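Architecture at a glance
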Amino acid sequence: ISKNSNKKKSKQLGISYSTASNRLKKMLFFSLVQKLELNYCLRCDEKIDNYKDLSIDHIDPWLDNSNDLFWDIDNIAYSHLSCNSAKAATSINNHPSYVSYSMGCRCDACKLCKKIYIKYWKWKTEYENR
């Protein structure tokens, strides 16, 4: 019964019911964040104006540290999704790289990686079309 019910809901909404439900939860959460005036980015200090731009951010990184930091509510702040992604992109594991650039990092090394990546793909495409 549930499967048919979700199909009916998805058809009426025009998108998957689970996608719609998750979007609604994020919109409600963002509304509360706005009402509490917590919608300022931890990374750039600018106002977060749209629920699509909101991400939950850990003030102190928990990965490779303590799982307690993941669950610590006092260690939570909010960031623009792009600022949070740029922070992750600049981690030692994948920085500098084209991936870091595509996730928002604009340091000189990542810009250079992007240029090299584009030149490589242009050369590869030309080589394969010969």
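Residues numbered from 1 in each chain as written. Predicted model: local features only at pLDDT ≥ 70, side-chain atom pairs only at ≥ 80, totals over all residues. Heavy atoms only, no water.

Quick word on the packing of aromatic side chains
Each pair of aromatic rings is reported with the distance of its centres and the angle of its planes. Here is the rule we go by: Within 6.5 Å between ring centres, the rings of Phe, Tyr and Trp (the latter by its six-membered ring) count as paired, and their orientation is classed by plane angle as stacked under 30 degrees, edge-to-face over 60, tilted in between. Put simply, DSSP H or I for four residues or longer makes a helix, DSSP E for two residues or longer makes a strand, and each gets a number counted from the N terminus. The buried label goes to any residue with under 20% of its type's maximum accessible area, the exposed label to any with over 50%, and the partly exposed label to all in between, with areas taken from a 1.4 Å probe on protein chains only. Throughout this description, the term charge over a ring refers to an Arg CZ or Lys NZ atom that lies within 6 Å of the ring centre and within 35 degrees of the ring normal.
Applying the stated criterion across every chain, the model contains 3 aromatic pairs. Where Phe-29 meets Tyr-78, the ring centres are 5.8 Å apart and the plane angle is 65°; that geometry is what we call edge-to-face. Remark: Tyr-78 occurs in strand β2 (residues 76-80) and Phe-29 occurs in helix α2 (residues 17-35); sequence separation between them is 49 residues. Here Phe-29 falls in the partly exposed class, since its relative accessible area comes to 31%. Pairing Trp-62 with Phe-70 gives two aromatic rings, centres 4.9 Å apart and planes at 75°, and the pair type is edge-to-face. Using a relative accessible area of 32% as the deciding quantity, one classes Phe-70 as partly exposed. Site record: aromatic cluster; members linked through ring pairs are Trp-62, Phe-70 and Trp-71. One residue, Lys-9, lies across the ring of Tyr-17, its end atom 4.5 Å from the ring centre.

A look at the side chain of Asn-39
Rules: In what follows, a contact means two residues having at least one pair of non-hydrogen atoms within 4.5 Å.
Secondary-structure assignment places Asn-39 in the loop between α2 and β1 (54-58). If sequence neighbours within four positions are ignored, Asn-39 has contacts with Phe-30, Val-33, Gln-34, Glu-46, Lys-47 and Ile-48.

Some words on α2
Residues lying three or four places apart along an α-helix face the same way, a consequence of the helix completing one turn every 3.6 residues. Put simply, the test is: Residue count minus one, scaled by 1.5 Å, sets the expected span of a helix. To be clear, the arc concerns the directions from the helix axis to the C-beta atoms.
An ideal rise of 1.5 Å per residue puts 27 Å on 19 residues; α2 measures up with 27 Å between its terminal C-alpha atoms. Every buried residue belonging to α2 is among Ala-20, Phe-30 and Val-33, and all of these are buried. The arc that holds every buried residue of α2, seen down its axis, measures 145°, which confines them to one face. For α2, the exposed residues lying more than 90 degrees away from the buried face are Lys-25, Leu-28, Leu-32 and Lys-35. Of the residues trailing α2, Glu-37 is marked for its positive phi of about 55°.

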